[in-house]
Amino acid sequence: MDRRNSRRDAQGQSVLTANRLLDGRIVWLAADGSWQLQLDRAKIFSNDHIEAALAEHAALAQQQELVGVYGVQVHENAQGILTPVTSREQIRAAGPSVHPEFVPTWHKPNTAVTV
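This is a predicted model, so every value here is computed, not measured.

### Quick notes on the packing of aromatic side chains
Next, step 1: A complete count under the given rule lists zero aromatic pairs for this structure.
Next, step 2: Between Arg 92 and the ring centre of Trp 28, over which it is positioned, the NZ or CZ distance is 5.8 Å.

Here's what the structure looks like:
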């Protein structure tokens, strides 16, 4: 079982997520097999099939330049909008939690620091 997200309801549904190796961006597996930046493009798996999908895509992670492939349980509302069940995944799905504008100068690449 996926150790990162073992809180799955038997009748629930999940999506697969990972981080891109080169830039660390959060990505979601889409129905066409590509990895997308938006949760709303993610392929939905029933929770009784997520482990098989996870095993398949975790085996391909290095080849696809991904790290940390795992399943995330989601709810889908009447309009088809997906929302992760856990707070951690809701934050990940919303995108970076620190806007570049608010990163200290000494963290920004190619920024001269005067002393």
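Picking up after the structure, the text goes on.
### What about the environment of Val 74?
Next, step 1: By the element assignment, Val 74 lies in strand β5 (residues 66–76).
Next, step 2: Excluding anything up to four places from it in sequence, Val 74 contacts Gln 13, Ser 14, Val 15, Leu 82, Thr 83, Pro 84 and Val 85.

### Quick word on unusual backbone geometry
Next, step 1: Phi at Glu 65 is positive, roughly 60°, even though this residue is not glycine.
Next, step 2: Mapped onto the secondary structure, Glu 65 falls in the loop between α1 (50–59) and β5.
Next, step 3: The exposure class assigned to Glu 65 is partly exposed, which follows from its relative accessible area of 43%.

### Observations regarding the pairing of strand β2 (residues 26–29)
Next, step 1: Residues Ile 26 and Trp 28 of β2 are buried on one face, and the alternating residues Val 27 and Leu 29, pointing to the opposite face, are buried as well.
Next, step 2: Remark: five residues form the turn of the hairpin made by strand β1 (residues 13–20) and β2, two consecutive strands paired antiparallel; Gly 24 in that turn has positive phi of roughly 75°.
Next, step 3: The pairing of β2 with strand β3 (residues 35–36) spans two bridges and is antiparallel. Bridge pairing in β3 places Trp 28 opposite Gln 36.

### Some details on α1
Next, step 1: Those residues of α1 that fall on the buried side of the exposure criterion are Ile 50, Ala 53, Leu 54 and His 57. Looking straight down α1, one finds its buried side chains confined to an arc of 100°; they lie on one side. Facing away from the buried side of α1, by more than 90 degrees, are the exposed residues Ala 52 and Ala 59.
Next, step 2: In this structure, the buried residues of α1 make contact with β1, β2, β3, β4 (45–46) and β5.

### A short note on the pattern of salt bridges
Opposite charge on two side chains lets them pair, provided their charged atoms get close.
Next, step 1: Scanning the entire structure with this criterion turns up three salt bridges.
Next, step 2: Between Arg 88 and Glu 89 there is a salt bridge; the shortest N-O distance is 2.7 Å.
Next, step 3: For Arg 88, a relative accessible area of 51% puts it in the exposed group.
Next, step 4: A salt bridge links Arg 92 to Glu 89, with the shortest nitrogen-to-oxygen separation between them at 2.8 Å. Here Glu 89 and Arg 92 lie together in helix α2 (residues 87–94), a separation of three residues that amounts to about one turn.
Next, step 5: Here Arg 92 falls in the buried class, since its relative accessible area comes to 10%.
Next, step 6: Connected via shared salt-bridge partners are Arg 88, Glu 89 and Arg 92.

### Notes on the nonpolar core
Next, step 1: Counting twelve residues, the largest nonpolar core consists of Leu 16, Ala 18, Val 27, Leu 29, Trp 35, Phe 45, Ile 50, Ala 53, Leu 54, Ala 61, Leu 66 and Val 69.
Next, step 2: Those elements that place two or more of their residues in this core are β1, β2, α1 and β5.
Next, step 3: Counting residues per element, this core draws most heavily on α1, which supplies three residues.
Next, step 4: Aside from chain neighbours lying at most four places away, what touches Leu 16 is Val 27, Trp 28, Leu 29, Trp 35, Phe 45, Ile 50, Ala 53, Leu 54, His 57, Tyr 70 and Gly 71.
Next, step 5: Counting nine residues, the second-largest nonpolar core is a separate cluster that includes Leu 39, Tyr 70, Val 74 and Leu 82.

Thresholds, definitions, all that
- Residues numbered from 1 in each chain as written.
- Predicted model: local features only at pLDDT ≥ 70, side-chain atom pairs only at ≥ 80, totals over all residues.
- Heavy atoms only, no water.
- Phe/Tyr/Trp six-rings, centres within 6.5 Å; stacked < 30°, edge-to-face > 60°.
- Lys NZ or Arg CZ within 6 Å of the ring centre and 35° of its normal.
- Helix = DSSP H or I, 4+ residues; strand = E, 2+ residues; numbered from the N terminus.
- Contact = heavy atoms within 4.5 Å.
- Buried < 20%, exposed > 50% of the residue type's maximum accessible area, 1.4 Å probe, protein only.
- Pairing = 2+ DSSP bridges.
- Arc of directions from axis to C-beta.
- Salt bridge = Lys/Arg side-chain N within 4 Å of Asp/Glu carboxyl O.
- Core = buried A, V, L, I, M, F, W, Y, C linked by side-chain atoms within 4.5 Å.

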